[in-house]
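As a plain string of letters, each chain reads:
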Amino acid sequence: EAQVTQNPRYLITVTGKKLTVTCSQNMNHEYMSWYRQDPGLGLRQIYYSMNVEVTDKGDVPEGYKVSRKEKRNFPLILESPSPNQTSLYFCASSLGVNTEAFFGQGTRLTVV
Amino acid sequence: GESVGLHLPTLSVQEGDNSIINCAYSNSASDYFIWYKQESGKGPQFIIDIRSNMDKRQGQRVTVLLNKTVKHLSLQIAATQPGDSAVYFCAEKGLSGGAGSYQLTFGKGTKLSVIP
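The notes below deal with the structure included here. Owing to the predicted nature of the structure, the values given are computational and were not obtained by experimental measurement.

Residues and elements named next belong to chain B. Inspection of every chain in the model, using the stated rule, returns ten aromatic pairs over all chains. Ring geometry for Tyr36 versus Phe106: centroids 5.6 Å apart, planes at 35°, classification tilted. Of this pair, Tyr36 sits in strand β4 (residues 32-38) while Phe106 sits in strand β10 (residues 104-106), and the two are 70 residues apart along the sequence. For Tyr36, a relative accessible area of 0% puts it in the buried group. For the ring pair Phe89 and Phe106, a centre distance of 6.4 Å and an interplane angle of 80° mean the geometry is edge-to-face. One end of the pair, Phe89, is in strand β9 (residues 86-93); the other, Phe106, is in strand β10, and 17 residues separate them in sequence.

Here it is, written out as structure tokens:
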């Protein structure tokens, strides 16, 4: 089954404790992205990647890192999480620039 | 910066009626637009897309209209069903990173409620 898989689905952590949210897709897609979704603000793009070893900042990259060492995986790294990074995070992938994006089920992160 | 927005945050329609969800965008250079549906507790799901060289595209029960003159995008759902209840987002592929970029800007969403 074609899918985008994020882990974990839920995470509660403390300020400053490094964490990684994993994202994996099995569709051989080149393009992958991370978004955060906050009430009243909709979905905002954090980082995106157009291919292996190619990443670029989205609208809200501060406090986040990503890597794309292999095509299927695109982890989101929070080196020192802060409470304002409490949010619902989505990973997405697509075959090309102008093709539909498939989204994961989301990761709800709470930083206390 | 450029932004994509929605005219109405909520929309209630009677089952069987047609629904129209609107979206205004401000980046006149955008070349690709997408509508997504998000049900509670789930990730956004692709509904339909349209490229800037088109003004209308139809899918199963859905039609997207693009008016580049007034920078307006709409999603029409025919014979709305209870299963259509969700939040609908329009998204625009921006050109801030050049023609090959993949920066998608989402609107804030419209919540569609279908009254049985």
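Past the structure itself, the notes keep going.
As a further point, take the side chain of Asn27(B). Residues and elements named next belong to chain B. Residue placement: Asn27 occurs in the loop between β3 (19-25) and β4. Classification of Asn27 as buried rests on a relative accessible area of 11%. Of note is the side chain of Asn27, whose polar atom sits 3.0 Å from the backbone nitrogen of Ala29.

A few words now on the interface of chain B and chain A. On the side of chain A, 26 residues touch chain B, which itself brings 22 residues to the contact. In this assembly, chain B packs against chain A so that about 1900 Å² is buried in total across both faces, 51% of it on carbon and sulfur atoms. On the surface where chain B and chain A come into contact, there are zero salt bridges. Put simply, chain B and chain A have five residue pairs in polar contact (both at pLDDT 80 or more) between them. Contributions of two or more residues to the side of chain B that touches chain A are made by β4, β5 (45-51), β9 and β10 of chain B. Among the residues making up the side of chain B that touches chain A, the classes are represented as eight nonpolar, eight polar and six charged.

This paragraph deals with the pattern of salt bridges. All names here are of chain A. On inspection of all chains with the given rule, the structure shows nine salt bridges over all chains. For Asp38, the salt bridge is made with Arg36, and the minimal N-O distance between the two is 2.8 Å. Exposure class is identical for Asp38 and Arg36. Each is buried. Among the salt bridges present, the one from Arg44 reaches Asp38, with a minimum N-O distance of 2.8 Å. Salt bridges sharing common partners tie together Lys18, Lys65 and Glu79.

Residues and elements named next belong to chain A. Only one face of strand β11 (residues 107-111) is buried: it carries Thr107, Leu109 and Val111, and the other face, with Arg108 and Thr110, is open. Bridge count for strand β2 (residues 10-13) against β11 is four bridges, and the pairing is parallel. Its bridge partner lying in β11, Thr13 is registered against Val111. Pairing of strand β9 (residues 87-94) with β11, which is carried by three bridges, proceeds in the antiparallel orientation. Residue Leu88 lies in a different strand from β11, and its bridge partner there is Arg108.

Quick notes on the rules
- Residues numbered from 1 in each chain as written.
- Chains lettered and ligands numbered in written order.
- Predicted model: local features only at pLDDT ≥ 70, side-chain atom pairs only at ≥ 80, totals over all residues.
- Heavy atoms only, no water.
- Phe/Tyr/Trp six-rings, centres within 6.5 Å; stacked < 30°, edge-to-face > 60°.
- Helix = DSSP H or I, 4+ residues; strand = E, 2+ residues; numbered from the N terminus.
- Buried < 20%, exposed > 50% of the residue type's maximum accessible area, 1.4 Å probe, protein only.
- Polar contact = N/O pair within 3.5 Å; in protein donor to acceptor, adjacent residues only side chain to side chain.
- Contact = heavy atoms within 4.5 Å.
- Buried area = accessible area lost by both parts, 1.4 Å probe.
- Salt bridge = Lys/Arg side-chain N within 4 Å of Asp/Glu carboxyl O.
- Nonpolar A, V, L, I, M, F, W, Y, C, P; charged D, E, K, R; others polar.
- Pairing = 2+ DSSP bridges.

These results come straight from atomic positions and should not be treated as a statement about function.
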